[in-house]
Amino acid sequence: MKEYKMRRGEYLEERIPDMESTVEEYFGPITGTEEYKGSDLFLIEEPDNPVFEKIVVGAVEYSGKKDKLGVEFNERDPTELGPDELEAAADAVDIKNDFLLEATGRDAKARRDSMKRKVEDDPDHDFD
């Protein structure tokens, strides 16, 4: 599960006021929920795009801190995809990036840079 922060001064519930319908619009019908760190996230067991096997997405709530977006994309092995599904793979990347941009206000480069800073700031990592 990856967690994404919003841009400074922005909140997830302001960026996506109706998480359920937004998730269904991007990925397909919600089939249940999955608990993660005390929050119930939406489960899509049969996403519209055949590249995805399963998607778990939603707001991860923290007491006294801003909510984060929790996302887990389970994707099929690209070597198992047929020719039609390979076309869907490019769409899958676009769908993920468009959703994450709408939810966080950060493009792919900004999200990568944020993840790098998080790892660099982690005292458990030794970079010598």
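What you see is a predicted model, and the numbers here were worked out from it, not measured in a lab.

Draft legend 1. Spotlight on the overall build of the protein chain. Looking only at helices and strands, the protein chain has four helices and five strands in total. Reading the helices (α) and strands (β) of the protein chain from amino to carboxyl end gives β-α-α-β-β-β-β-α-α. By residue count, 35% of the 128 residues in the protein chain fall in the buried class. By sequence separation, contacts in the protein chain at least 24 residues apart represent 49% of the contacts at least 6 residues apart.

Draft legend 2. The arrangement of unusual backbone geometry in detail. Located in the positive-phi region is Lys37, a residue other than glycine, with phi close to 50°. Structurally, Lys37 is set in the loop between strand 2 (32-36) and strand 3 (39-44).

Draft legend 3. Main features of the layout of surface pockets. Its boundaries defined by the atoms lining it, the largest pocket holds a volume of some 230 Å³. Lining of the largest pocket is provided by 13 residues; of these, Lys2, Tyr4, Phe73, Lys96 and Leu100 occupy positions nearest its centre. Elements that contribute at least two residues to the lining of the largest pocket include exactly strand 1 (2-4), strand 5 (68-75), helix 3 (83-104) and helix 4 (108-121). Partitioned by chemical class, the residues of the lining of the largest pocket number six nonpolar, one polar and six charged.

Draft legend 4. Expanded view of the nonpolar core. Counting 24 residues, the largest nonpolar core has Met19, Val23, Val57, Leu69, Val71 and Phe99 as the members making the most contacts within it. At the level of secondary structure, the elements contributing two or more residues to this core comprise helix 2 (19-27), strand 3, strand 4 (52-60), strand 5 and helix 3. For this core, the leading source of residues is helix 3, giving five residues.

Draft legend 5. Spatial organisation of the pairing of strand 4. Pairing between strand 3 and strand 4: three bridges, direction antiparallel. Of the residues in strand 4, the one forming a bridge with Ile44 is Ile55. Pairing of strand 4 with strand 5 involves eight bridges; the strand directions are antiparallel. Its bridge partner lying in strand 5, Phe52 is registered against Glu75.

Draft legend 6. Up close: the pattern of salt bridges. Under the definition given, this model contains six salt bridges. With a shortest N-O distance of 2.8 Å, Glu10 and Arg15 are connected by a salt bridge. Classification of Glu10 as buried rests on a relative accessible area of 19%. With a shortest N-O distance of 2.6 Å, Lys96 and Glu75 are connected by a salt bridge. Note that Lys96 is positioned in helix 3 and Glu75 in strand 5, a separation of 21 residues in sequence. In this structure Glu75 comes out as partly exposed when scored by relative accessible area, which is 36%. Among the charged side chains, a network of salt bridges with common partners joins Arg7, Glu10 and Arg15.

The rules behind the values
Residues numbered from 1 in each chain as written. Predicted model: local features only at pLDDT ≥ 70, side-chain atom pairs only at ≥ 80, totals over all residues. Heavy atoms only, no water. Helix = DSSP H or I, 4+ residues; strand = E, 2+ residues; numbered from the N terminus. Buried < 20%, exposed > 50% of the residue type's maximum accessible area, 1.4 Å probe, protein only. Contact = heavy atoms within 4.5 Å. 1 Å grid on protein atoms, 1.4 Å probe; cavity = no way out; pocket = protein on both sides within 12 Å on 5 of 7 lines; lining within 4 Å. Points joined across faces, edges and corners; volume = space filled by probe spheres on them. Nonpolar A, V, L, I, M, F, W, Y, C, P; charged D, E, K, R; others polar. Core = buried A, V, L, I, M, F, W, Y, C linked by side-chain atoms within 4.5 Å. Pairing = 2+ DSSP bridges. Salt bridge = Lys/Arg side-chain N within 4 Å of Asp/Glu carboxyl O.

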